[in-house]
Amino acid sequence: MQLYHYPFTAMASPCELRLYAASQALADAAADAAKAEVIRIEQTYSRYREDSVVGRINAAAGGAPLAVDEETCALINYATTAYAESDGLFDISSGVLREVWNFKLGQLPSPAAVAFCLKRVGWNKVQWDAPNISLQQGMELDFGGFGKEYAADRAATICTEQGIAHGLVELGGDIRVIGPHPDGSAWQIGIRNPRDPDVAMAVIPLKTGGLASSGDYERFMVIDGKRYSHILNPRTGRPVDQPMAGVTVVAPLCLLAGTAATVAMLQGEKGAPAWLNEMGLPHLWIDQAGVLGGDLVPKVQS
């Protein structure tokens, strides 16, 4: 059995499939099907496409309820549960905050602009009676907070259906393991240091399930010595005060791992450790001072 490698680009991210197969033909067929699924999900739920499901939902805001398909119903139900269990921190209606927070400009929005935007944020303002959804005028949904993780899980499922028993899917750092290496050994997943991306601060062995990380290093700006992360609190409309530098979570599904990592980042340094422990998922965090915590700390390299 040989390992085949398939790099590609999707969801504005570098992606790859690593698949063990008895023949290249089998690996190629599985890779083609998995990549097609990732692209389908990207096109179906992109907020940038008017013809996507999300595009149609947003375009109908302020009007009559719109009926959505079964897959979209399942994703919205998941988002509804995540909103409730995170006390409103995971909110797929908060994407409109990007209108006032432009991290490329390097300047803070006015409090009035943030307050105006917040009027259009809040999953509790959405009328959701499956399969019908209705947004208030000016509101928008954004599946960007969990779309990539969902796609990783779906790609792994497709590979399994194609006969792949050992492999790994990575979509922009979000990982779903199909199975261990053929000899039973785990995949070694390097977790980069938020302040030194070329250095792995930990190596996490993974034989199954998903892994996702979130951090303040992806998009940020520094003004008057203070670092402002792109991770915005939907309650305040502002970056998290005293956020973790990074959080990594392991879960049965990449979707769950990604949601947990995002919510932990939104909890900030004060709330994240206790919340992660309460969740009971294997995790690793690093705070602004470079201190590591979580039950995956023993895997940290010296």
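Refer to the preceding data block for the structure.
Residues numbered from 1 in each chain as written. Predicted model: local features only at pLDDT ≥ 70, side-chain atom pairs only at ≥ 80, totals over all residues. Heavy atoms only, no water.

Pairing within the open sheet is antiparallel, and its eight strands lie in the order β1-β2-β6-β7-β10-β15-β16-β17. Sheet topology places β1 (2-10) and β17 (292-293) at the edges, where each strand pairs with a single neighbour. Relative to strand β7 (residues 174-179), strand β6 (residues 167-171) runs antiparallel, the two being bridged by five bridges. Within β7, the position partnered with Val-169 by the bridge is Arg-176. Most of the contacts of helix α1 (residues 24-45) go to β1, to which it runs at about 25°, and overall it touches β1, β2 (13-21) and β6. (Pairing = 2+ DSSP bridges. Helix = DSSP H or I, 4+ residues; strand = E, 2+ residues; numbered from the N terminus. Contact = heavy atoms within 4.5 Å. Axes fitted to C-alpha atoms, helices over the stretch in contact; angles between N-to-C directions.)

Here we come to the packing of helix α5 (residues 147-161) against helix α6 (residues 254-279). In a packed pair of helices, the relevant descriptors are the angle between the two axes and the axis-to-axis distance. Running from N to C, α5 and α6 point in directions that differ by 160°, and their axes come no closer than 7 Å. Judged on the interaxial angle alone, α6 and α5 are roughly antiparallel. As α5 runs across α6, the sense of the crossing is right-handed. The residues of α6 that touch α5, namely those facing Glu-149, Tyr-150, Ala-152 and Asp-153, are Cys-254, Leu-255 and Gly-258. (Parallel < 35°, antiparallel > 145°, perpendicular 65-115°, else oblique. Left-handed = near helix turned anticlockwise from the far one by under 90°.)

Over its 26 residues, α6 runs only 15 Å from end to end, short of the ideal 38 Å by more than 12%, given 1.5 Å per residue. Following α6 by one or two positions, Gly-280 adopts a phi angle in the positive range, close to 75°. (Expected span 1.5 Å × (residues − 1).)

Moving on, we come to the pattern of salt bridges. Inspection of every chain in the model, using the stated rule, returns eleven salt bridges. Close ionic contact of Glu-71 with Arg-40 constitutes a salt bridge, the shortest N to O distance being 2.9 Å. Placement of the pair is Glu-71 in helix α3 (residues 70-85) and Arg-40 in helix α1, with a sequence separation of 31 residues. Exposure remark for Arg-40: the relative accessible area of 29% places this residue in the partly exposed category. Between Arg-98 and Glu-140 there is a salt bridge whose closest N-O contact spans 2.8 Å. Of the two residues, Arg-98 is situated in the loop between α3 and α4 (111-118) and Glu-140 in the loop between β5 (132-134) and α5; the sequence distance between them amounts to 42 residues. Since its relative accessible area comes to 32%, Arg-98 is described here as partly exposed. (Salt bridge = Lys/Arg side-chain N within 4 Å of Asp/Glu carboxyl O. Buried < 20%, exposed > 50% of the residue type's maximum accessible area, 1.4 Å probe, protein only.)

As a further point, take the pairing of strand β16 (residues 283-286). Side-chain alternation along β16 places His-283 and Trp-285 on one buried face and Leu-284 and Ile-286 on a second face that is also buried. Summarising the sheet, strand β15 (residues 246-251) and β16 pair through four bridges and their orientation is antiparallel. Within the sheet, the bridge partner assigned to Thr-248 lies in β16 and is Leu-284. Note that β16 and β17 share two bridges and pair antiparallel. Across the sheet, the residue bridging to Trp-285 is Gly-293, located in β17. Where β16 folds back on β17, the antiparallel hairpin that results is connected by five residues, among which Gly-290 adopts a positive phi of roughly 90°.

Time to look at the sheet that holds β5. Strand order in this open sheet of three strands is β3-β5-β4, and the pairing throughout is antiparallel. Looking along the sheet, the strands with just one partner apiece sit at the ends: β3 (66-67) and β4 (127-129). Bridging between β3 and β5 involves two bridges; their strand directions are antiparallel. Within β5, the position partnered with Ala-67 by the bridge is Asn-132.

Relative to the helices and strands, Asn-77 resides in helix α3. Counting along the chain gives 50 residues from Asn-77 to Gln-127, while the straight-line C-alpha distance between them is 12 Å.

The subject of this paragraph is the packing of aromatic side chains. The description of an aromatic ring pair rests on the distance of the ring centres and on the angle between the ring planes. In the structure shown here, the tally under the stated rule is five aromatic pairs. Arranged with centres 6.1 Å apart and planes meeting at 40°, the rings of Tyr-78 and Phe-146 form a pair that is tilted. Separated by 68 residues along the polypeptide, Tyr-78 in helix α3 and Phe-146 in the loop between β5 and α5 bring together distant segments of the chain. The residues Tyr-78 and Phe-146 share a single accessibility class, namely buried. (Phe/Tyr/Trp six-rings, centres within 6.5 Å; stacked < 30°, edge-to-face > 60°.)

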